[in-house]
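# What the coordinates show
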Amino acid sequence: QAEDASAGIGDIVVTARKREESLLKTPVAITAITSEAIEKKGIVSMNDAVLNTPGLNVSNASSGRNDRSFQQISLRGMTPSTANSTLTATFIDGVPVASATALNAVSDPARLEILRGPQSAYFGRNTFAGAINVVTKVPGNDWGGNFAGFVVNRGGYDMTGAIQGPLVEDVLSFRLSGQAFERGGSYDNVAAPGQALGDQSTRNVSLLLAFTPSSNLKIKAFGFQRLFAGKRQQLPEHRHDRPHLAA
């Protein structure tokens, strides 16, 4: 199954078996969401991917941690028996990451590959139900960038931006991206005056380096820093526009 925003049928290239090959010729059950479809449908997190992928579910509260830093994925109805285990592992360019929230650090990916069924041969353990792989875009020799911003109620916003270009033409290029997200809470916390329950704040920055020493070899190095915070800002001590709820 392929989610493509362009008209007609195009040849979608996937890397589900550690090499580039056509989606139609790959003997694996895959949902491949292209960058065009991601942009058109506004997919910016795993929760958005769930809404566009049959059989995929995500739990935001696992292992006693309702803090957005850990998500547990259920694919094809296969749910782990414990909160500390997983049957569907997540990857960035084939490299495993601890939680699905790490995938949000990749802004404007080349595609999102959701593989159903056991994938231990190519992706190792913890992939009995399947695997989710985010493939990053490789920057080229042209300078470019993008910026997007959203403003919502309760003083919330979501700003993302990226810039890319060559460091050494035809040999070394980079892509630098970042995100700033905030959303106000819904309830004044009576147990902690000046705070609201549900406040969220996220900052992340990522850097991708693409090294091409020859036409037969391409090396990608990707790193990111992601910060979470539950408390967004101090509230006035006597504020009555939100319900009160004791922690």
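Residues numbered from 1 in each chain as written. Predicted model: local features only at pLDDT ≥ 70, side-chain atom pairs only at ≥ 80, totals over all residues. Heavy atoms only, no water.

## Structural notes on the pairing of strand 9 (residues 111-116)
- Among the six residues in strand 9, six count as buried, and that is most of the element.
- The alternating pattern of strand 9 places R111, E113 and L115 and L112, I114 and R116 on opposite faces, both of which are buried.
- With six bridges joining them, strand 4 (residues 29-34) and strand 9 adopt antiparallel strand pairing. The partner of I33 across the bridge, within strand 9, is L112.
- Taken together, the six bridges between strand 9 and strand 10 (residues 130-135) define a ladder with antiparallel strand orientation. Note that in strand 10 the partner of R111 across the bridge is V135. (Buried < 20%, exposed > 50% of the residue type's maximum accessible area, 1.4 Å probe, protein only. Helix = DSSP H or I, 4+ residues; strand = E, 2+ residues; numbered from the N terminus. Pairing = 2+ DSSP bridges.)

## Some details on the confidence of the model for the chain
- Counting all residues, the mean pLDDT for the chain is 79, and 82% of those residues have values of 70 or more.
- pLDDT under 50 marks residues 2-8. Its contacts with residues more than four places away, or in other chains, come to 17 contacts.
- Contacts from residues 230-247, a stretch scored under 50 in pLDDT, to residues over four places away or in other chains number 41 contacts. (pLDDT = per-residue confidence, 0-100. Contact = heavy atoms within 4.5 Å.)

## Here we look at the packing of aromatic side chains
- Going through the model one piece at a time under the given rule, you end up with three aromatic pairs.
- Ring centres of F91 and F123 lie 4.7 Å apart, and the angle between their planes is 55 degrees; this geometry places the pair in the tilted category. You can see F91 sitting in strand 7 (residues 88-92) and its partner F123 sitting in helix 3 (residues 120-123), a full 32 residues away along the chain. When sorted by exposure, F91 lands in the same class as F123, which is buried.
- Measuring from centroid to centroid gives 6.0 Å for F222 and F224, while their planes differ by 40 degrees, and the two rings are tilted.
- F222 sits in the partly exposed class, given a relative accessible area of 27%. (Phe/Tyr/Trp six-rings, centres within 6.5 Å; stacked < 30°, edge-to-face > 60°.)

## Things to note about the nonpolar core
- Ranked by size, the top nonpolar core spans 21 residues in total, and within it M46, L56, L103, L112 and I132 carry the most contacts.
- For this core, the secondary structure elements donating two or more residues are helix 1 (35-41), helix 2 (46-51), strand 6 (72-75), strand 9 and strand 10.
- Take this core: its biggest share by element is three residues, from helix 2.
- In contact with L56, not counting residues within four places along its chain, are M46, A49, V50, I73, S74, L75, I114 and I132.
- Residues A16, I30, A89 and L115 belong to the second largest nonpolar core, which totals 11 residues. (Core = buried A, V, L, I, M, F, W, Y, C linked by side-chain atoms within 4.5 Å.)

## Topic: a nonpolar patch on the surface
- A surface patch of nonpolar side chains, about 470 Å² in accessible area, is lined by L167, V168, V171, F211, L217 and I219.
- Mapped onto the nonpolar patch, the elements with two or more residues apiece are strand 12 (156-168) and strand 17 (217-229).
- Locating V171 in the fold gives a position in the loop between strand 12 and strand 13 (172-183). (Patch = residues over 30% accessible without salt bridge, like charges linked within 9 Å, V, L, I, M, F, W, Y side chains within 5 Å. Areas by Shrake-Rupley, 256 points an atom, 1.4 Å probe, with all protein chains shown as cover. Salt bridge = Lys/Arg side-chain N within 4 Å of Asp/Glu carboxyl O.)

## Some remarks on the side chain of S177
- On the secondary structure map, S177 appears in strand 13.
- A relative accessible area of 6% places S177 in the buried class.
- Only 2.5 Å separates the side chain of S177 from the side chain of S206, close enough to count as a polar contact.
- S177 has contacts with A105, S107, G161, A162, N204, V205 and S206, leaving out every residue within four places of it along the chain. (Polar contact = N/O pair within 3.5 Å; in protein donor to acceptor, adjacent residues only side chain to side chain.)

## As for empty space enclosed by the protein
- All chains considered together, the criterion is met by one cavity of 30 Å³ or more.
- Counted as a void, the largest cavity has a volume near 70 Å³.
- Lining the largest cavity, in full, are V106, S107, D108, T136, K137, R175, S177, S206, L208 and F222.
- Within the residue set of the lining of the largest cavity, elements represented by two or more residues are strand 13 and strand 16 (200-214). (1 Å grid on protein atoms, 1.4 Å probe; cavity = no way out; pocket = protein on both sides within 12 Å on 5 of 7 lines; lining within 4 Å. Points joined across faces, edges and corners; volume = space filled by probe spheres on them.)

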